[in-house]
Every structure is written in C-alpha cells, then in structure tokens.
Amino acid sequence: MRYLEKQSIEDIALGASLLGAGGGGDPYIGKLMALTAVEKYGPVQLLSVDEVPDDVLVISSSMMGAPSVQLEKFLNGNEYNRLMNQLTRYLGEDVYATYPIEAGGLNSMIPIAAAARLGLPMVDCDGIGRAFPELQMTTFGIYGIRATPLAITDEKGNMGILEMIDNDWTESIARTITDKMGAAASLCSFPIRGSDLKRYSVQNTVSYSENIGRTIRELSKKKQASIQTLLKVTAGYHILSGKIVDVSRNTKNGFNYGKTVIEGLDQYKYQRAEIYFQNENIVLKHNGKAAVTAPDLICLVDLETLTPMTNEGLKYGKRVHVIGLPCDPKWRTPKGLELVGPRYFGYDLDYVPLEQAVKY
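Computed from a predicted structure; not experimentally measured.

Asker: Looking at this model, I keep getting lost on the packing of helix 1 (residues 6-19) against helix 9 (residues 205-220). Mind explaining?
Answerer: Any two packed helices are characterised by the angle at which their axes cross and by the distance between the axes. Running from N to C, helix 1 and helix 9 point in directions that differ by 95°, and their axes come no closer than 6 Å. Here helix 9 runs roughly perpendicular to helix 1, going by the angle between their axes. Contacts between helix 1 and helix 9 involve Gln7, Ser8, Asp11, Ile12, Leu14, Gly15, Ala16, Leu18 and Leu19 on the former and, on the latter, Thr205, Val206, Tyr208, Ser209, Glu210, Ile212, Gly213, Arg214, Ile216 and Arg217.

Have a look at this one:
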C-alpha cells in the first residue's frame, strides 16, 4: 500500500499513454483531472491486488467514446460520484475500491480522479494491460465475467443502468447510448469480487505505467534519449524510425478510424510503415507486409524525447520511432485472440506473436 502523489501521477499518465497504443484518450486532459482531484480531496491510496480482500466489491471507472471528441467534451466532475452511488444502491452493497479498466492516457487517470473524489482506494491492476476500443475486450471477458450491471452518464446528468445478457450486447447498447450522449460518456462497470480480480485482471499495470513514465521522463532530460533503454524496460522491439507523411482519420459509430503512413529516415531510408487504427493501433504493415498486429502493442514515440504519441496528436512531418510491445499472455489464448485478434477487426490475417513477426 502507498499513496499516489503528484510526480507518481505525472509518470503514470506518461507511461500509460505508451500502453494506450495510440489510443486510450488524451494523457494531458486525464492528468489534469487526476491532479485537480488529488489536490482538492487528498492523495489516492494504491493497493496491490493481493491487498484486496476476496469477498469485497470493486468496480472500474472509465470513459467510453471517440478520443478526438473527448478532447473537446469535458466532464463536469461529479459523474463518478453519481455513477458509483447509483450502482452501489442498485447492487445493495458498498464498493471497496475502484480500478482502471484499461491502460491509456485518459482511462488510467479517470480512476485516480474518481478514487480521490469518492475517498476510495485504487487497485494496481487493469482489465487489459493496454487499451482496446471496445468494452467487451477485457481479460475478464476471456473468463466469462460480465461487464454489467453497468452505470452510464454524461456531463448533463442523463444516467442509466444496463443489465445485458453478455458483454457483446453491453458494448452494442452502451456504444449507442454513448453516441447519443455526444460520442463520449462516463462508465462504472465490471463489478467484481476481490477473489476474481486476483485471478483474471492484469496485475501491477499502474506500477508498470509509472516505471515506464519515470524512464521516459529521465531519458528526456538527456541530450540523446536512448530508445534501447525504453525497449529494455518494456521488453519491446524497434521496428523503424521515420517521418509521418500522411494521417487520415474519420469518426464513425463512436470510434476514431484511420491510417498513419511513415517513411523511414537514416538507416531506415526506403522503408515504409502503414499503421491502421480503430482508436488504438491494430495492424502495422512494414514494407507492405503485416509485421505487428493486435493484441500486441503498436506504439509511436517522439524521435528525440521518446514521448508517446496518441493518434489524435499525429501530424505530417512528425519524426517518430515505431516500436512493438508484447501483450499480456492471456491475450494469446484462443479465447483472447477471438476477442481481440486481427480477424475480429476485419483483417484477413492470422496473429503471429511480435517476437516472431519482427524476425521475418
């Protein structure tokens, strides 16, 4: 057990934005929300999964919607108090702690802000180990844990509770509601016992994000930030370094879809990368051949500072490193790949683990 102070939150936001794999929401906005809440209500207690009693109720706090919309459509600050109060009344039980449903610049910060306002601890885990665009895409879903009852609200105060037959239906209905709420909504979902959190979550994600963020922060102070140091911390692979020459985006059904094209620089001259995303980066083609696919992470970082780049912030001429990070082993199971493999996203590709794919 420890308390999250300002520097820890700064580092978590930075590291989680890398694990967002291009998505997960804007880290700056999320960080401001968390820092403001902690300054007003006090530091947040961070619990390891092992410190959570088996029989207590824990509930995730998150946002749903298109990351580009979340840049302009801000919370009013009371959403998670209302959501948690409504959901605990519905369940007839108090909540012991909250936790992040995914790693990402925004959804790693939302639980900190919510925990501070609610006076609850936050658990050092999440339900993905990275960010994914759809609600059913969690390690809990692999093992049949339901997302409902789920509470959803917008900044105006519209609110509802969903009880669905499975997580696919929950995604569909919650996404429709989110679209009607302006393509961004706040959620409390995946109510779960401490015992199941220990079995089915991705553990230590918050601490891992903090370690990544601290590493990037320290490297950015040096004249030449070493990508190799970051790769060592993340067990990642360097695909190429280059310049962004094209970015196309469109928002549909509450998602950001698009493609980023990168042309290699220096020793990577004449190489080309094409990255296809649905909020998060899903498929990387290197010189026309599929090189990395979900559920492994495809990430872009600034060439000089190693600051992670989200897809909303990409611009023509930006110089970046393209790196791949291995996903949590739970995703490499048949059920995991059924939920988040490249074929789910509509690509006629079989998943090949990153460490094998980069050796072609």
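Asker: Just checking my understanding: could you explain the sheet that holds strand 13 (residues 272-278) for this structure?
Answerer: Strand pairing within a sheet occurs via backbone hydrogen bonds; the two strands may be parallel or antiparallel. Read from one edge to the other, the open sheet built from seven strands follows the order 15-14-13-12-11-17-16, with strand pairing classed as antiparallel. Edge positions in the sheet fall to strand 15 (289-293) and strand 16 (297-302), since each of these pairs with one other strand and no more. On average, adjacent strands in this sheet sit at an angle of 35° to one another, irrespective of strand direction. In this sheet, strand 17 (residues 319-325) lies alongside strand 11 (residues 237-252) in antiparallel orientation, the contact comprising six bridges. By the bridge assignment, lysine 243 is partnered in strand 17 with arginine 319. Strands in contact with helix 1 are strand 16 and strand 17; relative to strand 16, the strand with the most contacts, it is inclined by about 130°. Strands in contact with helix 10 (residues 227-234) are strand 11, strand 16 and strand 17; relative to strand 17, the strand with the most contacts, it is inclined by about 20°.

Asker: Honestly, the nonpolar core in this entry has me stumped. Any pointers?
Answerer: The nonpolar side chains of a soluble globular protein tend to be buried with one another. In this structure, Leu18, Phe132, Leu230, Leu306, Ile323 and Trp331 are the most contacted members of the largest nonpolar core, which totals 31 residues. When contributions to this core are tallied by element, the ones reaching two or more residues are helix 1, helix 9, helix 10, strand 14 (280-286), strand 16, strand 17 and helix 11 (334-340). Not counting residues up to four positions away in its chain, the partners in contact with isoleucine 323 are Leu18, Ile227, Leu230, Leu231, Tyr237, His238, Ile239, Leu297, Ile298, Cys299 and Val301. Membership of the second largest hydrophobic core comes to 27 residues, among which are Ile145, Ile152, Ala185 and Tyr200.

Asker: Is there a simple way to think about empty space enclosed by the protein in this case?
Answerer: To find the voids left in a structure, one rolls a probe of water-molecule size over its atoms. Summed over the entire model, instances satisfying the criterion amount to four cavities of 30 Å³ or more. What the largest cavity holds in volume is close to 270 Å³. Top contributing element to the lining of the largest cavity by residue count: strand 3 (residues 57-65), with four residues. Classifying every residue of the lining of the largest cavity by side-chain character gives 12 nonpolar, nine polar and four charged.

What counts and what doesn't
Residues numbered from 1 in each chain as written. Predicted model: local features only at pLDDT ≥ 70, side-chain atom pairs only at ≥ 80, totals over all residues. Heavy atoms only, no water. Axes fitted to C-alpha atoms, helices over the stretch in contact; angles between N-to-C directions. Helix = DSSP H or I, 4+ residues; strand = E, 2+ residues; numbered from the N terminus. Parallel < 35°, antiparallel > 145°, perpendicular 65-115°, else oblique. Contact = heavy atoms within 4.5 Å. Pairing = 2+ DSSP bridges. Core = buried A, V, L, I, M, F, W, Y, C linked by side-chain atoms within 4.5 Å. Buried < 20%, exposed > 50% of the residue type's maximum accessible area, 1.4 Å probe, protein only. 1 Å grid on protein atoms, 1.4 Å probe; cavity = no way out; pocket = protein on both sides within 12 Å on 5 of 7 lines; lining within 4 Å. Points joined across faces, edges and corners; volume = space filled by probe spheres on them. Nonpolar A, V, L, I, M, F, W, Y, C, P; charged D, E, K, R; others polar.

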